[in-house]
Every structure is written in C-alpha cells, then in structure tokens.
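Below are the chains, spelled out letter by letter.
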Amino acid sequence: MGFLKKFDFYRQVPSDLTEPTTPGAVISITCGIAMLFLLVSELVSFLSLAEKSEMFVQQEEGGKLRLHFNMTFPKMPCCVYSLDVLDIMGRHEVGISATVHKMRLSPKGEPLGEYNQTGGGTRDMATEGCNTQGYVDVRKVPGSFHISAHGLHVFVHEAMGGVLNTNHVMHYFWAGDAEVDFTEMPGSLRPIDGTRNDHYPEDTTFEYFFDIIPTIYSNHHYQDTKTYQMTAHMDHLSTHPTQMPAVYFRYQLSPITVKFTKRRKGLSHFLTYVCAIIGGVFTVAGLLNSLLQSSVKAFQKNVLGKGI
C-alpha cells in the first residue's frame, strides 16, 4: 500500500494548515455560477438537434420526375384547356388529361362540377372558369410543359370571340413523389404557392422558370426523405396576335444534390465537454486565486516597507 501512495496525485493537506480568505470565497462563488451556466448551456445543446448541410454531385436515377400543381383560371373554361409536354430528348405530348382533374367554375368562381373530357365544349361554357389540379410526369432533362388551347382555336374564335384569358391563381406547385411537410424543412420547396397572376391584360402569356434541386432530409432517427427544392422566376409578356396566350413551365434539374442532416450529440461528446468545463473552470479559478494572493502579498510588503 505504501508503494501505491507514491502515485497519489491528490494528496490532502490537513485542514488546520489551510486558511479561507474573502477573495478566495468571491472567486469560488463566481466559479460556481460560471460552471452552472456552462453546464446548463451544454445540456441544452446536448438535448437539441444539430443541423448541418452538405452539397455533392450525384448521378440522378432514371425514370420520371413528378410535378404537382393546383391552379385556377377564372376566365378560361375547362373545355379549351390543354396541357402539352416538350423536352430536349424529343418528347412531345399534347392534351395530357389522364392525371389532371378539371373543375368547372361559374363566372363568380362557384363550382359547377367536374368537367367531362369527352363531352366537348359548348357556347354556354365560354364564360366559365376552371380549376385544374393533378400532376405530370416528365423526364429528368431540361424541358417544359404549358397550358393553352392547343387544337381548339376554332372554338376560341367562334364561342369566345378569339379571346383566351390565361390569368390564373397558383395554389401550389411542387416536385417529387410524396408530399412532405415543407414548414418543417429548410430550403425552398414550394416557392410559388399562393401566387396571384389574375390582374393582367387578357392577351398575356406567363412563363415560369424552375431550377429543381434534388434534396435529401436525414432526421435524427437516420431516416432519409428525398424530395426536390426549387428556385422560381416568373415573367409575363404580351402575346403575338397570331398566337394564343399560354402558361409555360420551364424546368431544368440541377446536378448538385443538397443534404440536410439533423443529429443529436453523442453521450461521449457531452461527457467530454462536461469534464472540460469543470476542469477548465477550476484551473482558471486556481490561477486567478494564486495571482490575486501573490498580488496582495506583494502589496502588503510594499506598504510595510519590506519590499526592499
């Protein structure tokens, strides 16, 4: 046992050889308050989720990208509505309707029932509006889709006086296979939701430009959710007299993938910081106490004339 005592780093001094001082008490109290504050701060940091983001180039998997939309045309009837898709790979489809639902609206915006695609249009519908919602699957290459009156120019001229008004309200527009709670996610998932373009002249053509960014959200349970952010720009212009007004959605997919990660700090990290706080505060307090005691002794010697 005597041999082991040589390795004791914490040798005790008899209590009758120590003397409490007022400066030492002040430093000790300050040390305790600082330590408590730092420990509480570290505990809050340990219990909260730390978020980080990273960017990297990732080859996009094949298949299609699904674009969801819901928009209302107050002055364009469902019977002249046509959705067409075009991309740089040569795809050109017109009159897509299988994934799009159209609701007829009265001039006052009241629902009149779902539009029957096979029923065609009548002159009575010329003053109606249309709410359309659904999705379109596009290739993961630059392209566009647009909404206009493709192939229905005769009806527009005969029943609507040649006037096609594409003023609209965009209720939502987002990309991906599954909807996520965008209010809880950082980034820009649905930048044009609620956009109102219903106050322009009737011959206006609208253009939306989207940069679509693949995004991964990884929560603290190590569960990944893949979706798409997007940046959006909108422009409008007067339509050439020989053309029909339309709403264009032009898009391109970014090669950069963004990943947001939420993690809770590990227990070992927390314990390491707790030990560092306790040891650091005690060390600094000891240095301050030693410096203060040395200064007091030197001052007392000088005052008593013993500094020489």
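The structure contained in this document is the topic of the report that follows. Keep in mind that what you see is a predicted model, and the values were worked out from it rather than measured.

## Some words on the state of the cysteines
So, point 1. Tallied over the full model, the rule gives 1 disulfide.
So, point 2. Take cysteine 79: it sits in no disulfide, and the sulfur closest to it among the cysteines is that of cysteine 78, at 7.6 Å.

## Some remarks on the sheet that holds strand 5 (residues 100–105)
So, point 1. As summarised here, the arrangement of the 6 strands in space is 6-5-7-2-9-10, forming an open sheet in which the pairing is antiparallel. The two strands at the open ends of the sheet, each matched to only one other strand, are strand 6 (111–114) and strand 10 (195–197). Averaged over all adjacent pairs, the angle separating strand axes in this sheet is 20°, with direction ignored.
So, point 2. Of the strand pairs in this sheet, strand 9 (residues 168–175) and strand 10 are connected by 3 bridges, and their pairing is antiparallel. Looking at the pairing, valine 169 lines up with arginine 196 of strand 10.

## With respect to helix 3 (residues 267–303)
So, point 1. With 37 residues, helix 3 extends 54 Å between its outermost C-alpha atoms, agreeing within 8% with the 54 Å of an ideal straight helix rising 1.5 Å per residue.
So, point 2. Listed in full, the buried residues belonging to helix 3 are Phe270, Val274, Ile277, Val281 and Ala285.
So, point 3. Where helix 3 is buried, its residues contact helix 1 (22–47).

## Here we look at the packing of aromatic side chains
Aromatic ring pairs are reported here in terms of the distance separating the ring centres and the angle at which the planes meet.
So, point 1. As enumerated under the stated definition, the model contains 12 aromatic pairs in all.
So, point 2. Between phenylalanine 210 and phenylalanine 249, the ring centres sit 6.4 Å apart and the planes meet at 10°, which makes this aromatic pair stacked. Taken as a pair, phenylalanine 210 in strand 11 (residues 204–218) and phenylalanine 249 in strand 13 (residues 247–253) lie far apart in primary sequence, 39 residues in all. Of the two residues, phenylalanine 210 and phenylalanine 249, both sit in the buried class.
So, point 3. Members of the aromatic cluster, each reached through a chain of ring pairs, are Phe69, Phe145, Phe173, Tyr208, Phe210 and Phe249.
So, point 4. A cation over an aromatic ring shows up here: arginine 66 above the ring of tyrosine 135, its NZ or CZ 3.9 Å from the ring centre.

## Describing the pairing of strand 8 (residues 143–148)
So, point 1. By the criterion of burial, strand 8 is predominantly enclosed, with 6 of the 6 residues buried.
So, point 2. Relative to strand 8, strand 3 (residues 82–87) runs antiparallel, the two being bridged by 6 bridges. Bridge pairing in strand 8 links aspartate 87 to glycine 143.
So, point 3. Note that strand 8 and strand 13 share 5 bridges and pair antiparallel. Within strand 13, the residue paired with glycine 143 across the bridge is tyrosine 251.

## Looking at the packing of helix 1 against helix 3
So, point 1. Two numbers describe how helix 1 lies on helix 3: the axes approach to 10 Å, and their chain directions differ by 165°. In this view, helix 1 runs roughly antiparallel relative to helix 3, as classed from their interaxial angle. Pair helix 1 / helix 3 crosses with right-handed handedness.

## A word on the pattern of salt bridges
So, point 1. Inspection of every chain in the model, using the stated rule, returns 6 salt bridges.
So, point 2. A salt bridge links glutamate 207 to arginine 250; the shortest N-O distance between them is 2.9 Å. On the criterion of sequence distance, the pair formed by glutamate 207 in strand 11 and arginine 250 in strand 13 is long-range, its members being 43 residues apart.
So, point 3. According to the relative accessible area criterion, arginine 250 is partly exposed, its value standing at 29%.

About the cut-offs
- Residues numbered from 1 in each chain as written.
- Predicted model: local features only at pLDDT ≥ 70, side-chain atom pairs only at ≥ 80, totals over all residues.
- Heavy atoms only, no water.
- Disulfide = S-S within 2.5 Å.
- Pairing = 2+ DSSP bridges.
- Helix = DSSP H or I, 4+ residues; strand = E, 2+ residues; numbered from the N terminus.
- Axes fitted to C-alpha atoms, helices over the stretch in contact; angles between N-to-C directions.
- Expected span 1.5 Å × (residues − 1).
- Buried < 20%, exposed > 50% of the residue type's maximum accessible area, 1.4 Å probe, protein only.
- Contact = heavy atoms within 4.5 Å.
- Phe/Tyr/Trp six-rings, centres within 6.5 Å; stacked < 30°, edge-to-face > 60°.
- Lys NZ or Arg CZ within 6 Å of the ring centre and 35° of its normal.
- Parallel < 35°, antiparallel > 145°, perpendicular 65-115°, else oblique.
- Left-handed = near helix turned anticlockwise from the far one by under 90°.
- Salt bridge = Lys/Arg side-chain N within 4 Å of Asp/Glu carboxyl O.

Scope: geometric values only; no functional claims are made or implied.
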